[in-house]
Amino acid sequence: MKRSNSKVSETASNAGSFLWHGPTWMNRMGGEMPHQAPKQGESRMKKVLGLGGLTMMSTAAIIGSGIFVLTGVVAKSYAGPGVVISYLIGGVVAVLSAMCYMEFAAETSTTGASIVYSCKIFGKFVAWLVAINVLIELVIASAAVATGFSGYLSALIKNLDLIGPNRLSNWNGSTLLYGPGANGSMLAIDPVAAAAVLIITALLVMGVQEAEWVQNCCTSLCLIAIIMSIITGAVYSNKSNWADFAPMGFNGIFRGASVVFFAYLGFEMMAAAPEEAVNARRDVPLGIGISVVGCTILYLLMALVITGMVPWQQINASAPFAQAFKDRGAMWMSIIVSFGGLAGILDTIVVTQYSMSRTFVMLGRMGLVPPLLSRVHPKTQTPIFSTVFCGLVSAVLALFVPIGELADLTSLGALFAFCVVASAVMFRRYYQPPAMPRDMEGFTGREGAPLWKVLIPFLSIIGASLGLAFSWATGCHYGAYIAMFAWWLIATVYIAFCLPVVFMPTKLPTPLFPWWPSATVLTTIFLIASLGPTNWARWGYACIIGVLLFAGYALAESLYNRRHGPPPPRAMSYHDEQNYEAREGSSKAAVASMDVESGKAIEGDAADAGDALGHDQAASSK
């Protein structure tokens, strides 16, 4: 009986260790162990991004992905002029989430963003689920935005009449291939979208500086087009178009908010850039804050302009601003908008491909994908294998797959990642595993509460948020809303006043704690519930596939351990980037000391040479 109990205990311990540390067999086959920061002697990505470059990167992804199109789509299909409120809600959720990201970003110097943040607190299994959602978000976003590029290009060519009248009257960017079949079955492919993705991929392979230069040019052009659209559109606006402000009620506004949240994914993508930032701990949080607030203001102004220019029922969903200016005889503005839309879409492709490749770099280091994808080329100092792999996947999807129906999954994947990061910010303040070293910066020295005392209110916040969100989505009695909100409120109050704080970030702590991250969990889950059962089912299937893949990793780990022995014991730590920073600091100190020594040696040689010259001159005078 004791043997069986000890065996069960050992199995449970091994399972828990695997859920925290993750698989090692892929890395051990190459003669190393999983790691999250560049190893000593390993080629590293070049640090070239400053505050301006990081802010432009985030701004490019936020405004480029839908400011000229998404606004009109949501206004016509969901919210009417209330799209302004939809953007305001999305902006509030983005600001809440951004502050949680900024707390972690101020402590992190490696790539990976939400995957690294969740791994620090919840281990590699949760990090793997976040990675699945982030990759779905990035792959679909890249392919969906690329298909919009061909549509804008066709509209621009028609407006400029570059290929003669009526030559492209029916072309919308896609090419139809007709195959055999009684009804003449056909397949729409988009070679222009695929070519755009491949060109951007080649640019990223060449180097981050080259891609940053192109991106900054495109972002500047896009911002000029936005500002001109706001000024010119305000002249054509009519207040009567705002009379029926919320034609589909609050349900339409919240549904629109969950859709427009797609536009705010850029700051999460920029959070993958710390390893290539010159001063990551300062510039990444600042870049996130500046871009989110600034782009929210631009979105609100653009939403007011388009709903003021055109009655919401008459908005052209595919090209709202370009068509609105064209109908009013301002063809020059329609052309400027088309150029701005093309530039914004190229911006988004650059950032999504960049973020996707860096995500695979971190997953390769962690042992969750083949380590080949984490290798950095010593000459270009870019992860060529992961960049090319991501470019090919996105190009194939943009070429063949009708991606429009899956676009809502990008918002759902990002919202899930934001919810996990907010949960991690809140959880780590009140609980640290006993095996965690207590000499790390930020520990308060207080005795923490037992795990179950932390889990009960923590899970209550998540459960109350789910109950409130799905009560709203299914149209329950208002009493259910009050009960769920009261549950959330009581759990947050208990955490705020009854649990001892065992960890306090020293760099950039989230304000109004724990209300801020708790509100982030509530709002992100609320927007997830607004996306509807079809998207919940698709997201559930993706998560199930992720769990099965992780279970396959566990089986492979077990078989590898039986043949080659178990991996060496690993101490629990937040991140091995501290060793990376220590190595960086020691190497810089070594270089500095070498410079000092070489300087002293040069001075000594010069003094010796001067003495010798003086002796020679004295001898010659004699």
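Please read these numbers as outputs of a predicted model, since none were measured by experiment.

Q: So what exactly am I meant to see when it comes to the overall build of the protein here?
A: Of the regular secondary structure elements, the protein holds 21 helices and 2 strands. Sequence separation of at least 24 residues holds for 84% of the intrachain contacts in the protein that already meet a minimum separation of 6. With an accessible surface of roughly 26900 Å², the protein has 67% of that area assigned to carbon and sulfur atoms.

Q: Would you take a moment to explain the side chain of serine 357 for this structure?
A: Tracing the sequence through the fold places serine 357 in helix H14 (residues 331-366). There is a polar contact of 2.8 Å between the side chain of serine 357 and the backbone oxygen of tyrosine 354. Once residues lying within four places of it in the same chain are set aside, the contact partners of serine 357 are Ser386, Thr387 and Cys390.

Q: So what exactly am I meant to see when it comes to the packing of aromatic side chains here?
A: The geometry of an aromatic ring pair is captured by the separation of the ring centres together with the interplanar angle, meaning the angle of the planes. Within the structure shown, the criterion is met by 20 aromatic pairs. Centre to centre, the rings of phenylalanine 104 and tyrosine 117 are 5.0 Å apart; their planes meet at 10 degrees, and the pair counts as stacked. Of this pair, phenylalanine 104 sits in helix H5 (residues 83-105) while tyrosine 117 sits in helix H6 (residues 114-122); the two residues are 13 residues apart in sequence, bridging distant segments of the chain. Its relative accessible area of 1% is what places tyrosine 117 among the buried residues. Geometrically, the ring pair formed by tryptophan 472 and tyrosine 481 is tilted, given 5.9 Å between the ring centres and 45 degrees between the ring planes. Pairwise contacts between aromatic rings join Tyr101, Phe104, Tyr117 and Phe418 into one cluster. If you follow arginine 429 out to its NZ or CZ, it ends over the ring of phenylalanine 513, 3.8 Å from the centre.

Q: I keep staring at helix H18 (residues 478-498) and nothing clicks. Help me out?
A: Because each turn of an α-helix spans 3.6 residues, side chains separated by three or four positions end up pointing in the same direction. With 21 residues, H18 ought to run about 30 Å at 1.5 Å a step, and its terminal C-alpha atoms sit 30 Å apart, in line with that. For H18, every residue scored as buried is listed here: Trp488, Ala491, Thr492 and Ile495. Summarising the axial view, the buried residues of H18 lie within an arc of 95 degrees, below the 170-degree limit, and thus occupy one face. Across H18 from its buried face, at more than 90 degrees, point the exposed residues Tyr478, Ile482, Ile490 and Phe497.

Q: I would appreciate a short explanation of the packing of H6 against H14 in the present structure.
A: The relative placement of two packed helices comes down to the angle between their axes together with the axis-to-axis distance. Between H6 and H14, whose axes approach to 10 Å, the crossing angle comes to 30 degrees. Each of Ile115, Val116 and Cys119 in H6 lies in contact with H14, whose residues at this interface are Thr359, Met362, Leu363 and Met366. Here the residues of the contact of H6 with H14 sort into 6 nonpolar, 1 polar and no charged.

Q: It is not clear to me how the pattern of salt bridges should be interpreted in this structure. Could you clarify?
A: Opposite charge on two side chains permits pairing when their charged atoms draw close. Inspection of the entire model under this criterion finds 4 salt bridges. In this structure, the salt-bridge partner of glutamate 103 is arginine 428, at a minimum N-O distance of 2.8 Å. Of this pair, glutamate 103 sits in helix H5 while arginine 428 sits in helix H16 (residues 408-430); the two residues are 325 residues apart in sequence, bridging distant segments of the chain. A residue is classified by how much of its surface remains accessible, and arginine 428, at 1% relative accessible area, is buried. Two residues, arginine 282 and aspartate 283, come together in a salt bridge whose shortest N-O distance is 2.6 Å. Using a relative accessible area of 45% as the deciding quantity, one classes arginine 282 as partly exposed. Here the salt bridges do not stand alone but share partners, grouping Glu103, Glu107, Arg428 and Arg429 into one network.

Q: Explanation requested: helix H13 (residues 320-327) in the structure shown.
A: All of the buried residues in H13 are Pro320, Phe321, Ala322, Ala324 and Phe325. At its buried positions, H13 is contacted by helix H4 (70-79), helix H9 (208-236), helix H12 (280-309) and H14. A positive backbone phi angle near 80 degrees is found at glycine 329, which sits one or two residues after H13.

Q: Honestly, the environment of alanine 422 in this entry has me stumped. Any pointers?
A: Within the secondary structure, alanine 422 sits in helix H16. Sequence separation between alanine 422 and tryptophan 516 is 94 residues; the distance between their C-alpha atoms is 8.7 Å. Look past the residues within four positions of alanine 422 in its chain and what remains in contact with it is Cys100, Pro517, Thr520 and Val521.

Q: Just checking my understanding: could you explain the state of the cysteines for this structure?
A: By definition, a disulfide is the covalent link that joins the sulfur atoms of two cysteine residues. According to the stated counting rule, one finds 0 disulfides in the structure shown. Of all cysteine sulfurs, the one in cysteine 217 lies closest to cysteine 218, which takes part in no disulfide; the gap is 6.8 Å. A residue is classified by how much of its surface remains accessible, and cysteine 218, at 13% relative accessible area, is buried.

Q: Before we go on, may I ask you to explain the nonpolar core in this structure?
A: General note: in soluble globular proteins, nonpolar side chains tend to be found buried as a group. Phe68, Tyr87, Tyr101, Ile226, Phe261 and Ile288 are the most contacted members of the largest nonpolar core, which totals 161 residues. Those residues in contact with isoleucine 288, other than ones at most four positions away along the chain, are Ala98, Tyr101, Met102, Phe267, Met270 and Ala271.

Q: Is there a simple way to explain a nonpolar patch on the surface in this structure?
A: A cluster of nonpolar side chains, contributed by Phe485, Leu489, Val493, Phe497, Leu512 and Trp515, occupies part of the molecular surface with about 590 Å² of accessible area. Among the elements that make up the nonpolar patch, the one with the highest residue count is H18 (4 residues). Locating phenylalanine 497 in the fold gives a position in helix H18. For phenylalanine 497, a relative accessible area of 66% puts it in the exposed group.

Q: How do you make sense of unusual backbone geometry when you look at a structure like this?
A: Negative phi is the rule for most residues except glycine; trans is the rule for most peptide bonds. A cis amide bond links phenylalanine 513 to the next residue, proline 514, at an omega of 0 degrees. Here leucine 512, not a glycine, exhibits a phi torsion of approximately 50 degrees, which is positive. Topologically, leucine 512 is positioned in the loop between H18 and helix H19 (515-529). Taking relative accessible area as the criterion, leucine 512 reaches 61% and is therefore assigned exposed.

Q: What should I look at first to understand the environment of leucine 499 in this one?
A: By the secondary structure assignment, leucine 499 is in the loop between H18 and H19. Sequence spacing of leucine 499 and lysine 453 is 46 residues, and the spatial spacing of their C-alpha atoms is 8.3 Å. Beyond its immediate sequence surroundings of up to four residues, leucine 499 is in contact with Tyr430, Ala449, Lys453, Val454, Pro457 and Tyr494.

Q: Mind showing me how you'd approach the environment of isoleucine 545 here?
A: With respect to the helices, strands and loops of the structure, isoleucine 545 is situated in helix H20 (residues 533-564). For the pair isoleucine 545 and isoleucine 132, spaced 413 residues apart in the sequence, the C-alpha separation amounts to 9.1 Å.

Q: What's the story with the confidence of the model for the protein in this structure? I'm lost.
A: The predicted coordinates should not be examined in detail at positions where pLDDT is low. In the predicted model, the protein carries a mean pLDDT of 77, and 76% of its residues have values of at least 70. Across the protein, H18 holds the top mean pLDDT of 91, while helix H21 (residues 577-621) sits lowest at 45. Segment residues 176-184: pLDDT under 50, and 13 contacts once partners within four positions in sequence are set aside and those in other chains are kept. Low pLDDT, under 50, characterises residues 574-622; the predicted model gives this stretch 34 contacts beyond four residues in sequence or across chains.

Q: Would you take a moment to explain the packing of helix H17 (residues 451-473) against H19 for this structure?
A: The contact between H17 and H19 brings their axes to 8 Å, and the two run at 35 degrees. Between H17 and H19 lies a crossing whose hand is right-handed. Side by side, H17 and H19 meet where Ile461, Ile462, Ser465, Leu466, Leu468, Ala469, Phe470, Trp472 and Ala473 of the first sit next to Ser518, Val521, Leu522, Ile525, Phe526 and Ala529 of the second.

Parameters and conventions
- Residues numbered from 1 in each chain as written.
- Predicted model: local features only at pLDDT ≥ 70, side-chain atom pairs only at ≥ 80, totals over all residues.
- Heavy atoms only, no water.
- Helix = DSSP H or I, 4+ residues; strand = E, 2+ residues; numbered from the N terminus.
- Contact = heavy atoms within 4.5 Å.
- Areas by Shrake-Rupley, 256 points an atom, 1.4 Å probe, with all protein chains shown as cover.
- Polar contact = N/O pair within 3.5 Å; in protein donor to acceptor, adjacent residues only side chain to side chain.
- Phe/Tyr/Trp six-rings, centres within 6.5 Å; stacked < 30°, edge-to-face > 60°.
- Buried < 20%, exposed > 50% of the residue type's maximum accessible area, 1.4 Å probe, protein only.
- Lys NZ or Arg CZ within 6 Å of the ring centre and 35° of its normal.
- Expected span 1.5 Å × (residues − 1).
- Arc of directions from axis to C-beta.
- Axes fitted to C-alpha atoms, helices over the stretch in contact; angles between N-to-C directions.
- Nonpolar A, V, L, I, M, F, W, Y, C, P; charged D, E, K, R; others polar.
- Salt bridge = Lys/Arg side-chain N within 4 Å of Asp/Glu carboxyl O.
- Disulfide = S-S within 2.5 Å.
- Core = buried A, V, L, I, M, F, W, Y, C linked by side-chain atoms within 4.5 Å.
- Patch = residues over 30% accessible without salt bridge, like charges linked within 9 Å, V, L, I, M, F, W, Y side chains within 5 Å.
- pLDDT = per-residue confidence, 0-100.
- Left-handed = near helix turned anticlockwise from the far one by under 90°.

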